[in-house]
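Overview (structure and organization)
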Amino acid sequence: MAGYVAKKCLSPLSLLTRRLSAPEFITQCCYHKKVVDHYENPRNVGSLDKNSKKVGTGLVGAPACGDVMKLQIEVDDQGKIVDARFKTFGCGSAIASSSLATEWVKGKTLDEALEIKNTDIAKELRLPPVKLHCSMLAEDAIKAALADYRLKQHDDQQEAVRASN
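Owing to the predicted nature of the structure, the values given are computational and were not obtained by experimental measurement.

Quick notes on the rules
Residues numbered from 1 in each chain as written. Predicted model: local features only at pLDDT ≥ 70, side-chain atom pairs only at ≥ 80, totals over all residues. Heavy atoms only, no water. Helix = DSSP H or I, 4+ residues; strand = E, 2+ residues; numbered from the N terminus. Buried < 20%, exposed > 50% of the residue type's maximum accessible area, 1.4 Å probe, protein only. Contact = heavy atoms within 4.5 Å. Polar contact = N/O pair within 3.5 Å; in protein donor to acceptor, adjacent residues only side chain to side chain. Pairing = 2+ DSSP bridges. Axes fitted to C-alpha atoms, helices over the stretch in contact; angles between N-to-C directions. Salt bridge = Lys/Arg side-chain N within 4 Å of Asp/Glu carboxyl O. Core = buried A, V, L, I, M, F, W, Y, C linked by side-chain atoms within 4.5 Å. Expected span 1.5 Å × (residues − 1).

Thoughts on the overall build of the chain
In terms of regular secondary structure, the chain is built from eight helices and three strands. Shown N-terminal to C-terminal, the secondary structure of the chain runs as helices and strands in the order α-α-α-α-β-β-β-α-α-α-α. When the 165 residues of the chain are sorted by exposure, 38% land in the buried category. Sequence-distant contacts in the chain: of pairs separated by 6 or more residues, those separated by 24 or more amount to 59%.

Shown next as structure tokens:
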């Protein structure tokens, strides 16, 4: 099997000229360069102030594989997402999906961000079928962060009504 993958992924000349370590072989043969790029150079890693009314936090997990993803968005007064951060415990595909998701939500309205689908993330990263759950997790994290933000806004409105009565 490894020989078949090697023939499919690498030119015969490269196999003769140097040996690949196991991680290097997997990187070159099994993951698309976009996944490797987002894994090795993740964008927007970190946290925002979860207590801020302008920040929505989504925390989702996949019990089957153990991946856990926290994605946060910061929204301005005009309803645009101005910042996004993530922290992910999981495989390279989960980290890449989180990183890409934060890039894609920035600059979008809440409704536009809601339109981001796991299939779009999977297609962009060229995830193999066995890793599609990672893109699903990223979509769920976006939806959870948006829901948390909207809940905070709804709570603010209710407090304002109570204060005016």
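A closer look at the environment of K34
You can see K34 is positioned in helix α4 (residues 33-40). Distance in space between the C-alpha atoms of K34 and L125 is 5.6 Å, their sequence separation being 91 residues. K34 has contacts with E124 and L125, leaving out every residue within four places of it along the chain. Of the polar contacts made by the side chain of K34, one reaches the side chain of E124; its length is 2.9 Å.

Side note on the sheet that holds strand β3 (residues 81-89)
Pairing between sheet strands relies on hydrogen bonds along the backbone, with the strands arranged either parallel or antiparallel. Strand order in the open sheet formed by three strands is β1-β2-β3, with antiparallel pairing between adjacent strands. Taken across any chain shown, the strands that pair with only one partner, and hence form the sheet edges, are β1 (55-62) and β3. Pairs of neighbouring strands in the sheet enclose a mean axial angle of 15 degrees, with direction left out of account. Bridge analysis of β1 against strand β2 (residues 67-75) gives eight bridges, and the strand direction is antiparallel. From the neighbouring strand, V60 faces β2, where its bridge partner is M69. Lying on the sheet, helix α5 (residues 92-105) is in contact with β2 and β3; it crosses β3 at an angle near 175 degrees.

Describing the pattern of salt bridges
Going through the model one piece at a time under the given rule, you end up with nine salt bridges. Among the ionic pairs, E124 bridges to K34, the shortest N-O distance being 2.9 Å. You can see E124 sitting in helix α7 (residues 118-125) and its partner K34 sitting in helix α4, a full 90 residues away along the chain. Residue classification places E124 among the partly exposed residues on the basis of a relative accessible area of 30%. Salt bridges sharing partners connect three or more residues here, namely D37, R43 and E103.

Comments concerning the nonpolar core
When a protein is soluble and globular, its nonpolar side chains tend to lie buried together. Among the nonpolar cores identified, the biggest contains 30 residues, and I73, I81 and V105 are the most heavily contacted of them. Put simply, the parts of the chain that give this core at least two residues each are β1, β2, β3, α5, α6 (110-114), α7 and α8 (132-164). Of all the elements, α8 adds the most residues to this core, at eight residues. Once residues within four sequence positions are removed from consideration, V105 is found in contact with I73, I81, A84, A113, I116 and I142.

Considering α5
An ideal rise of 1.5 Å per residue puts 20 Å on 14 residues; α5 measures up with 20 Å between its terminal C-alpha atoms. Among the 14 residues that make up α5, twelve are buried, leaving the element largely enclosed by the rest of the structure. Within α5, burial applies to G92, S93, A94, I95, A96, S97, S98, S99, L100, A101, T102 and V105. Just past α5, the residue G107 takes up positive phi, approximately 85 degrees.

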